[in-house]
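Structural overview
Chain by chain, the residues:
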Amino acid sequence: MEFKPKILGFLCNWCSYAGADLAGVSRIQYPPSLRVIRVMCSGRVEPIFVIRALENGLDGVIVMGCHLGDCHYIDGNYEAVNKFKMLQKLLNPIGLGDRIRLEWVSASEGVRFGQVITEFTEHIKSLGPSPLREKEANQQLLEELEAIARVVEDFRLRALVARKRKITEEGNVYEKIIPEENYEELLEDAMNAEVIRSKIYLNLQIGPLSVKELSKRLNLDSASVLKHIVTLRQQGKVALDRIEGLTPYYIAIKV
Amino acid sequence: MSNKEVRIGVFVCHCGTNIGGVIDCPALTEYARTLPHVVFAQDNLYTCSEAGLAQIKKGIEEYNLNRVIVASCSPRTHEPLFRATCQEAGVNPYYFHFVNIRDQCSWVHMNEPEKATEKAKDLIRMGVARAFYLQALEKNQVDIDPRALVIGGGIAGMTVALNLANRGFPVKLIERKDRLGGLLNDLNKVFPTLDDATKLLEIKDQVLEHKNITVFTSTMIKDVEGYVGNYNITITKGDEEEQFKVGAIIIATGAEVLEPEGLFGYDGKKVITQLQLEKILKEKTLDAKNVVMIQCTGARTDERPYCSGICCMVALKNAQLIKELNPDAQITILYRDILTPGTEYEKFYRDTRAKGILFLKYSPDRPPYVEEDHVRVLNQFIQKEVQIPADLVVLSTPLVAYEDSKNLAQLLKVPREANGFFLEAHVKLRPVDFATDGVFICGCAHWPKDINDTISQALGAASRASTILAHRTLEVEGAVARVNEELCVGCGICMKLCPYDAIARTEDGLAHVREVVCKGCGLCGASCPEQAITILHFTNDQILAQIKVLMEGE
């Protein structure tokens, strides 16, 4: 059967949505792959929206806003960039990073709107249908995605991303400006750690496990698993279930 | 969400053949009927026509609808119309949802009718899913205080105050010095008319005598609280404090002339600034035959990269005046570039040249050198250093932002650019506004500018401010951000991110949205680490519901 890509687009009301309307008024023809959710600003798009869309089997997700510097809300789209970058970094390791896209289309760029959708549709076609159209066959991927979903809803990365412009431009609480590349490093470390913790948590939600069992499941050395367990216990997310012989078993605390 | 049963009505528009010629509207209507909570669906030739709107009202009445979906053109053009129809029929306008099946479907897939119909079905299914989660919202009214606060009593501030007062708005005019007039008090004559500066200062009396203006001299702003239409201002004069309310604020604090310490042997006697020359010319005590002026002193450098805009004309004006006073005077203007845009100023420049004043271009790499009775400078045309006799050297220094403009910026929560001047909301589209509603800018506090531009901008700022002050109330958009205080931890991220300073801290340290200022962009909600902020009308529930049903039917 012919692959008909289905793409979800988040369009900001002021530029991209207007650009999409203009494409219509100008009778620009583009593939019928796009389904649009209108938001007021591209900065409104929460990473979890994109993740839930992918989880549901959408073949691609595109976030569209005003060109940088032209945001109706002054600089909302800069936040969209920061959120998108984080999201792509989280999705790249599980092979879904290429299915999301961030584009700027102004209210006067009807032609460009058509081009962007056509091009992205072709790109998605070249990737083929999302593996998550077949959920049963891709449980592993679903679990990985769920781990990421928890991370983007959690305090740490949300705070880090929302504070990016402040700490790279104005300075942190100690009035120290962190250079962009150091920030990226910081974010990367935080992302890696949070994804692992999220996976540990999800595994411990199913039932109690020892560090050894966890390290086998996650393909990680025991030392780092233990380190994360300690953090998760401090955060009140994981508790000691029992000790068998000399081996402690941990379990997730349901919130 | 109310416990009332959700009853959705779907109206599919043919828009003549615009939609109906591509999409199978009857099939779409039939499909809508199968969706959850849809109790009524109908297709119309033109839903936006009188007859179409009547059908919506009839549907609402007969089927007791409490959610209305119209699938037609674009919310950008027709949402207000359908919302109003809902309201007339007793359904809260925020219970209305628009599905765009024309501009973003039938018109862009004209050759693929089946696929377009399929897409339209998806869009309607998404709309129905969202409609279930829609909430009724109210548009509240907020009172507006008709008074204005003008900060700065120079020509900019006085112009704003007088203009607003003449329109009938009470004005509080604050000046930090002990008299009104600002820099104009120190000027001799103004370009290009060569009128006495005192002539322009006549406005001072009008300001002081105006029944709608209260003038506070030797006064500083201590505190500003509140938001558009409702500011609480605290001012201090000596040890005394006073509080009052205003509805709009105009910044007209001006700028000061750079004191060129350490530049070109500046000593205030034989090497002086243009401002000091103004005083000498005013008192008619000039005693110099050979005068050299050095342009761009301390301007257009790494430290101060901007052009102050007015110094060329100031130098030309003073050169002409000296020549008038003493026709035998030898005046040389050392410049980097001459900036005299417009018909009047360019003519003034040509006239100055015609009066025998010499112009010599210097390079910033080889700046002039001031010595006992002459100035040495490289003549770039002959590539040779020349000595110009000088009894008096006049330095044209730029206007610089007041050191303490930072404090005012913090009090009013408005931005400044790198040189300390206030930064408008948009350089072209909103030149006297700030992103924060209710605060406006004019004059040299914004950027060095001459009196003409200052007055124009002041009139603009007064006009912009009156668009707020002229209303008794302000309507608050229903679709705004709302903080769940149970979840908020007071981290302040939202307050920092909000482009409109719409989020304030409560006494408990938590975030609170001033709904009248909020524009509903949703940035705070999408960024709140604790997910404590709901973006009304674009809630996570509403958006996730659309995502959830997207792949049904695949």
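Conventions adopted
Residues numbered from 1 in each chain as written. Chains lettered and ligands numbered in written order. Predicted model: local features only at pLDDT ≥ 70, side-chain atom pairs only at ≥ 80, totals over all residues. Heavy atoms only, no water. Pairing = 2+ DSSP bridges. Helix = DSSP H or I, 4+ residues; strand = E, 2+ residues; numbered from the N terminus. Contact = heavy atoms within 4.5 Å. Axes fitted to C-alpha atoms, helices over the stretch in contact; angles between N-to-C directions. Domains from an automatic or database assignment. Buried area = accessible area lost by both parts, 1.4 Å probe. Salt bridge = Lys/Arg side-chain N within 4 Å of Asp/Glu carboxyl O. Polar contact = N/O pair within 3.5 Å; in protein donor to acceptor, adjacent residues only side chain to side chain. Buried < 20%, exposed > 50% of the residue type's maximum accessible area, 1.4 Å probe, protein only.

1. Observations regarding the sheet that holds strand 6 (residues 238–244) of chain A
All names here are of chain A. Taken together, the three strands give an open sheet; going across it, the order is 5-7-6, and neighbouring strands pair in antiparallel fashion. Looking at the sheet topology across the chains shown, the edges are occupied by strand 5 (209–210) and strand 6. In this structure, strand 6 lies alongside strand 7 (residues 247–252), joined through six bridges in antiparallel fashion. Residue arginine 242 lies in a different strand from strand 7, and its bridge partner there is tyrosine 249. Where helix 8 (residues 180–206) meets the sheet, its contacts fall on strand 5, strand 6 and strand 7, and the angle it forms with strand 7 comes to roughly 95°.

2. Some remarks on the domain arrangement of chain B
Residues and elements named next belong to chain B. According to the domain assignment, chain B consists of domain 1 (8–137), domain 2 (148–255 + 401–473), domain 3 (258–399) and domain 4 (477–536). When each unit is reduced to the centre of its C-alpha atoms, the spacing between domain 2 and domain 4 is 30 Å. Tallying the contact residues gives seven residues for domain 2 and seven residues for domain 4. Buried area between domain 2 and domain 4, summed over both chains or domains, comes out near 630 Å², and the portion from carbon and sulfur atoms is 57%. Connecting domain 2 to domain 4 are one salt bridge. In this structure, lysine 519 and aspartate 437 form a salt bridge, with 2.6 Å as the shortest nitrogen-oxygen distance. Run the count over domain 2 and domain 4 and you get one residue pair in polar contact (both at pLDDT 80 or more).

3. Brief notes about the environment of B:Asp43
Residue and element names in this part refer to chain B. Relative to the helices and strands, aspartate 43 is located in strand 2 (residues 38–44). The exposure class of aspartate 43 is partly exposed, given its relative accessible area of 30%. When the C-alpha positions of aspartate 43 and glycine 20 are compared, they lie 9.8 Å apart, and in sequence the two are 23 residues distant. A polar contact of 2.9 Å, which involves the side chain of aspartate 43, links it to the side chain of histidine 14.

4. Description of the pattern of salt bridges
Going through the model one piece at a time under the given rule, you end up with 58 salt bridges over all chains. One salt bridge in this structure joins A:Arg158 and A:Glu46, with 3.0 Å as the shortest N-O distance. Here A:Glu46 lies in the loop between strand 2 (34–39) and helix 2 (47–55) and A:Arg158 lies in helix 6 (residues 155–162), a separation of 112 residues in the sequence. For the residue pair A:Arg158 and A:Glu46, the accessibility class agrees, reading buried in each case. If you follow the salt bridges from partner to partner, you end up with A:Lys6, A:Arg35, B:Asp122, B:Arg125 and B:Glu552 in one network.

5. Focus: the interface of chain B and chain A
Contacts between chain B and chain A engage 53 residues on the former and 55 residues on the latter. Where chain B abuts chain A, roughly 4800 Å² becomes buried across the two surfaces, and 58% of that area is made up of carbon and sulfur atoms. Between chain B and chain A we count seven salt bridges in total. Between the two partners, chain B and chain A, sit 27 residue pairs in polar contact (both at pLDDT 80 or more).

6. Comments concerning the environment of A:Gly236
Residue and element names in this part refer to chain A. By secondary structure assignment, the location of glycine 236 is in the loop between helix 10 (222–234) and strand 6. When its relative accessible area of 37% is taken as the criterion, glycine 236 is described as partly exposed. It is 12 Å that separates the C-alpha atoms of glycine 236 and tyrosine 250, two residues lying 14 residues apart in sequence.

7. Let's talk about the sheet that holds strand 21 (residues 374–379) of chain B
Residue and element names in this part refer to chain B. Sheet architecture is open: three strands sit in the order 20-21-22, paired in antiparallel fashion. Two strands in the sheet have a free side with no partner beyond their single neighbour: strand 20 (369–371) and strand 22 (384–389). In this sheet, adjacent strand axes meet at a mean angle of 25° when their direction is disregarded. For strand 20 and strand 21, the ladder comprises three bridges, and the chain directions are antiparallel. Residue pairing in the sheet places valine 370 in a bridge with valine 375 of strand 21.

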